[in-house]
Amino acid sequence: MNDAIHLKYLAVSPEDLRWGIAVNSVGYQDVGAGEPYPPSDHPSRYLFSTERGRTLNEYQLLYITRGHGRFRSTHVPEGTLLRPGNLFLLFPGEWHTYRPDPSTGWKEFWIGFNGAAMEEWVKGGFFSREKPVLQIGLHSDIVNLYNDAIQTAAFQQSGFQQCLGGIVSHLMGLARMYQRQETFSEVKDKINQAKILIGEQFRTIRPEEVAAQLFMGYSNFRRIFKEYTGFAPAQYIQEVRLNRIKELLTNTTLPIKEIADECGLENYDYFFTLFRRLTGMTPSDYRNNTQGK
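In this report, the structure presented in the accompanying data block is examined. Keep in mind that this is a model prediction, so the values were computed, not measured.

What follows concerns empty space enclosed by the protein. Inspection of every chain in the model, using the stated rule, returns four cavities of 30 Å³ or more. What the second largest cavity holds in volume is close to 60 Å³. Considering the residues around the second largest cavity, the lining is formed by Gln238, Arg241, Leu242, Ile245, Leu265, Phe271, Leu274, Phe275 and Leu278. Of all the secondary structure elements, the ones that give two or more residues to the lining of the second largest cavity are α8 (233-251) and α10 (268-279). Class assignment of the residues belonging to the lining of the second largest cavity gives a composition of seven nonpolar, one polar and one charged.

Next comes the structure, spelled out in structure tokens:
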């Protein structure tokens, strides 16, 4: 095998699968412009015809760091372009094909794996067969994780599969984070500004006032804020307020009514009911528990 291709096949035990993620293979290949793809010395286990495509019995996460190409699958029959900074996910049982543009070649990193954790992420809607290509941009931490996985697989010390499982989890988490950052690149400054405003004014500010200070219509602001953070603006304000209350209950001896006033909840009965509903404890019980009383 030449220096442009590096991969490691790995044995997977039942114990490894119980961990939640088990890695079957990891590697990279650097294909120059005009070179055949897959390369003639590509390992037979993963060799495939780009015209006929293939189906795997594992997930694979691939990252393109150089060059361009094209990807097709059962759920993306029309195909989509691949470029540097693209991650794409292959699903078990899903027909697919991909190849670099002959005029550019490409460099790809990949890691193949199975496990219940990944099944849960797919079931939860974090990753889907309908949108297997993620535009996340070029990031050195992604490349470093692939290289760490390659090195871990090379030494195969005791417990290496659990370490590799952690790397896969980290890769998938970064994929999710960077994809959302790319999706919201035009509005993330506005959302971060909104979060700063709420952090400074959570005692009295209303969601409509946040939108107004950002010169945004409220309905548009609410939609974007919820998509970006997972919270409606009013829920986010409540979370910030609740966290401040918890901090004061834990780290100070201020009277509870004074804490309620400090956090903009002057109606003590409402404060008491809200805190108990959100935490399952009264403010006094929470203070006693966190202060070790």
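More follows now that the structure is in view.
This paragraph deals with the pairing of strand β4 (residues 69-73). Only one face of β4 is buried: it carries Gly69, Phe71 and Ser73, and the other face, with Arg70 and Arg72, is open. Sheet topology note: the β4/strand β5 (residues 76-82) ladder contains four bridges and is antiparallel. Bridging across to β5, arginine 70 finds its partner in leucine 81. If you look at the hairpin formed by β4 and β5, you'll find two residues sitting between the two strands. Sheet analysis places β4 next to strand β7 (residues 96-100), joined by five bridges and oriented antiparallel. Paired with glycine 69 across the bridge in β7 is proline 100.

In contact at an axis separation of 10 Å, helix α3 (residues 140-155) and helix α4 (residues 160-183) are set at 165° when each is read in the N-to-C sense. It follows that α3 is roughly antiparallel to α4 by the angle criterion. Our pair here, α3 against α4, has a crossing hand that is left-handed. Side by side, α3 and α4 meet where Asp141, Ile142, Leu145, Tyr146, Asp148, Ala149 and Thr152 of the first sit next to Phe160, Cys163, Leu164, Ile167, His170, Leu171, Leu174 and Tyr178 of the second.

The next subject is the side chain of glutamate 58. Structurally, the position occupied by glutamate 58 is in the loop between β2 (22-31) and β3 (59-67). Of note is the side chain of glutamate 58, whose polar atom sits 3.0 Å from the side chain of glutamine 60.

With that settled, the discussion passes to the layout of surface pockets. Estimates place the volume of the largest pocket at around 210 Å³. As for the largest pocket, its lining consists of Gly125, Phe126, Phe127, Ser128, Lys131, Leu134, Arg176, Gln179, Arg180, Thr183 and Phe184. Here the element with the most residues in the lining of the largest pocket is α4; it accounts for four residues. Residue classes in the lining of the largest pocket are distributed as four nonpolar, four polar and three charged.

Calculation notes
Residues numbered from 1 in each chain as written. Predicted model: local features only at pLDDT ≥ 70, side-chain atom pairs only at ≥ 80, totals over all residues. Heavy atoms only, no water. 1 Å grid on protein atoms, 1.4 Å probe; cavity = no way out; pocket = protein on both sides within 12 Å on 5 of 7 lines; lining within 4 Å. Points joined across faces, edges and corners; volume = space filled by probe spheres on them. Helix = DSSP H or I, 4+ residues; strand = E, 2+ residues; numbered from the N terminus. Nonpolar A, V, L, I, M, F, W, Y, C, P; charged D, E, K, R; others polar. Buried < 20%, exposed > 50% of the residue type's maximum accessible area, 1.4 Å probe, protein only. Pairing = 2+ DSSP bridges. Axes fitted to C-alpha atoms, helices over the stretch in contact; angles between N-to-C directions. Parallel < 35°, antiparallel > 145°, perpendicular 65-115°, else oblique. Left-handed = near helix turned anticlockwise from the far one by under 90°. Contact = heavy atoms within 4.5 Å. Polar contact = N/O pair within 3.5 Å; in protein donor to acceptor, adjacent residues only side chain to side chain.

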